[in-house]
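Chain by chain, the residues run as shown.
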Amino acid sequence: MGNVTDASAALTQGLARFFYAIDPLENSFPDHKQVPDIFVKSWPYFLVFMALENLLLYLEGRPTVRLNDSITSLSHGLIQHCGKLIFRGAESAAYIFIYQKFRLVDLAWDNAVTWYLAALGVDFCYYWVHRASHEVHVLWAQHQVHHSSEDYNVAVGLRQSILQGWCGFIFYLPLAFFIPPAHFLTHQQFSLLFQFWLHTEAVRHLGPLEWIFNTPRHHRVHHGANLYCLDKNYGGVLIIWDRLFGTFAPEKEGEEIVYGLVFNQPSFNPVWLQYFYSAHVVHKWQTMEGWKNKLSAVFKGPSWAPGAPWTGREEDKIKVGPRPKYDVSIPTWCNVYLLIHFVVVVLLFQELYVRHLVSLSSYFITKKIGENIDL
C-alpha cells in the first residue's frame, strides 16, 4: 500500500511541475550542481499529455494529431537534447561565472522570496529572449524550427533548435548579479514545462486567468501566420509582459488561425528544418550591397529590407489565409513500423542521456573553465 501511495504522490508531483504548482522550498537547491534535470525526467509525462490531448480531440469529434508531424516534432526534441550531450551546459557557464565573481547581493537559497524573485526574473528575461528571437534575423533562423509545424498540439512544444540555448543565454546574464545559479537553472526548466501544455487546441479558454497567465488561447495567436498574429504574445508563463510592452493580441473569433511559417517548408525532415533557414540568412547577407545592409540583413527582423523599419514594412508582409497542409500518405504498416522504431529510439536515447550527460553545467565548468570559477 505504501508503494502505491508513494507512486501516486510522485505522479501528482510530476504533473504539478507543468503548472508551477510546486513547493518552492522543496525545489530550491544550495548549489547549481544539485539541480536535477527535471525536463528530461518529464518525458513520460509528455507522452501522457499527448495521449490525453488526442483522447479529448477524439471525444469532441475533431481531428487528432498527425503521426508524421508529431514524430517530426519529437525528433526535434531529441536533436535539441543531443546537443546537450555535446555542449554539457556550457551556455550556463557565463551566468555562473558572473554570479560567483560579481554578484551584488547574497540571497538565501532556502528563502521563498528568492524563489519568487527568480521566477519573475526568469520569466521577464524570457519575454525579451523570445521577442529577440522573432525580431533578430539570425536568432529567428533557430527559433523558426519551433514554428515550422502546420499543426498545433503539445508535441510542437518539444520542437526546438539544437542551438536555441545559445541564442538566448546572454539575455539572462543581468540576473546573475543577484539570482543564485541554482534558482536560475531550476526556473528555466519549470518555464519550459509550463509552456509545453500551452501548445494545444483542446483547451479553449481559462477565464480570468488569461489576464495574468499565458494560456493555450494566447499562445495559439503567437503561433499563427495570420497578419494579426505576427510578432505577438511572447510571454512564457505570464502574459503581463505583452500587455505592458504592447505586443499582446487576443484570439479573433471567426478567423481561423493558420499555423506554420509564412513560407512553409514542405518537409518532415528534422535535419533539414533545423538548418535550412540559416542558409537563407547567409543568402540574404550575400545579396545585400554595403556592410550596413549586410549587417542589417543578419541582425534586423526577418521582414527587413533596405530603407524599411527594423521589423519591415507592414504593407510588405504576406497575408496568409487557410491553405492545405503538407502531408505524405504511406501504408498503415509503414506508420506502425515508424511508430515502433521511434519508440525504440526514444528508449535508447533516454538510456544514453542518463548514462552520459553530467548534471547541467558541471562537466563543462570543471573541465573547461577549471580554476577560473570557484566550485
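What you see is a predicted model, and the numbers here were worked out from it, not measured in a lab.

J.: Please clarify how the overall build of the chain should be interpreted in this entry.
T.: The secondary structure content of the chain amounts to 15 helices and zero strands. Its C-alpha atoms give the chain a radius of gyration of 21 Å, within 12% of the compact-globule value 21 Å for 375 residues. Principal-axis analysis of the C-alpha atoms gives the chain an extent of 60 × 50 × 40 Å. Counting across all 375 residues of the chain, residues that qualify as buried make up 49%. When contacts within the chain are restricted to residue pairs at least 6 apart in sequence, those whose partners lie at least 24 apart make up 77%. For the chain, the exposed area adds up to about 18,700 Å²; of that, 65% sits on carbon and sulfur atoms. Once the 29 positive and 31 negative side-chain charges of the chain are each reduced to a mean point, those two points are 5 Å apart.

J.: I'm lost on the nonpolar core in this one. Help?
T.: Side chains of a nonpolar character, in soluble globular proteins, are inclined to be buried together. Counting residues in hydrophobic clusters, the biggest one holds 32 residues, and the most contacted among them are Phe18, Phe46, Leu158, Leu193 and Phe196. Of all elements in the fold, only α2 (38-41), α3 (43-59), α4 (67-87), α6 (112-135), α9 (181-196) and α14 (332-356) reach the threshold of two or more residues within this core. Phe29, Val35, Tyr126 and Val129 belong to the second-largest nonpolar core, a separate cluster that totals 18 residues.

J.: What is the right way to look at the environment of glutamate 91 in this model?
T.: Its place among the elements puts glutamate 91 in the loop between α4 and α5 (93-102). Along the sequence, glutamate 91 and alanine 155 sit 64 residues apart, while their C-alpha atoms lie 25 Å from each other. If sequence neighbours within four positions are ignored, glutamate 91 has contacts with Gly165, Trp166 and Phe169.

J.: Honestly, the side chain of glutamine 195 in this entry has me stumped. Any pointers?
T.: Inspection of the secondary structure puts glutamine 195 in helix α9. On the basis of relative accessibility, which here comes to 7%, the residue glutamine 195 falls in the buried class. Apart from the residues within four sequence positions on either side, glutamine 195 is in contact with Tyr126 and Gly236.

J.: Even after reading the chapter, I still don't get the UniProt feature "domain: Fatty acid hydroxylase" (unreviewed entry) in the chain, so can you show me in this structure?
T.: According to UniProt, the "domain: Fatty acid hydroxylase" (unreviewed entry) feature falls on residues 116-247. With 53% helix and 0% strand, residues 116-247 has its two end C-alpha atoms placed 24 Å apart.

J.: Could you clarify how one ought to interpret the packing of aromatic side chains in this entry?
T.: Throughout the structure, instances matching the rule amount to 29 aromatic pairs. An angle of 10° between the planes, with centres 5.0 Å apart, marks the rings of tyrosine 152 and tyrosine 259 as stacked. You can see tyrosine 152 sitting in the loop between α7 (137-147) and α8 (164-172) and its partner tyrosine 259 sitting in the loop between α11 (240-245) and α12 (270-287), a full 107 residues away along the chain. Of the two residues, tyrosine 152 and tyrosine 259, both sit in the buried class. Their ring planes at 55° and their centres at 5.3 Å tell us that tyrosine 172 and phenylalanine 184 sit as a pair that is tilted. With tyrosine 172 in helix α8 and phenylalanine 184 in helix α9, this residue pair connects regions lying 12 residues apart in the sequence. Each member of the pair, tyrosine 172 as well as phenylalanine 184, is classed as buried.

J.: Explain a nonpolar patch on the surface to me, please; I cannot follow it from the model alone.
T.: Residues Phe97, Phe102, Leu104, Val105, Phe177 and Phe178 make up a contiguous nonpolar surface patch of about 540 Å² in total accessible area. With relative accessibility at 47%, the residue phenylalanine 102 sits in the partly exposed group.

J.: Please clarify how helix α10 (residues 216-223) should be interpreted in this entry.
T.: Counting along an α-helix, one turn takes 3.6 residues, and residues three or four places apart therefore face a common direction. Counting buried positions along α10 yields eight of eight residues, so the element is predominantly enclosed. Those residues of α10 that are buried are in contact with α6, α7 and α11.

Rules used in this analysis
Residues numbered from 1 in each chain as written. Predicted model: local features only at pLDDT ≥ 70, side-chain atom pairs only at ≥ 80, totals over all residues. Heavy atoms only, no water. Helix = DSSP H or I, 4+ residues; strand = E, 2+ residues; numbered from the N terminus. Rg over C-alpha atoms; globule rule 2.2 N^0.38 Å. Buried < 20%, exposed > 50% of the residue type's maximum accessible area, 1.4 Å probe, protein only. Contact = heavy atoms within 4.5 Å. Areas by Shrake-Rupley, 256 points an atom, 1.4 Å probe, with all protein chains shown as cover. Lys, Arg positive; Asp, Glu negative; His and termini not counted. Charge placed at Lys NZ, Arg CZ, Asp CG, Glu CD. Core = buried A, V, L, I, M, F, W, Y, C linked by side-chain atoms within 4.5 Å. UniProt positions renumbered as here; feature names shortened; annotations may be inferred. Phe/Tyr/Trp six-rings, centres within 6.5 Å; stacked < 30°, edge-to-face > 60°. Patch = residues over 30% accessible without salt bridge, like charges linked within 9 Å, V, L, I, M, F, W, Y side chains within 5 Å. Salt bridge = Lys/Arg side-chain N within 4 Å of Asp/Glu carboxyl O.

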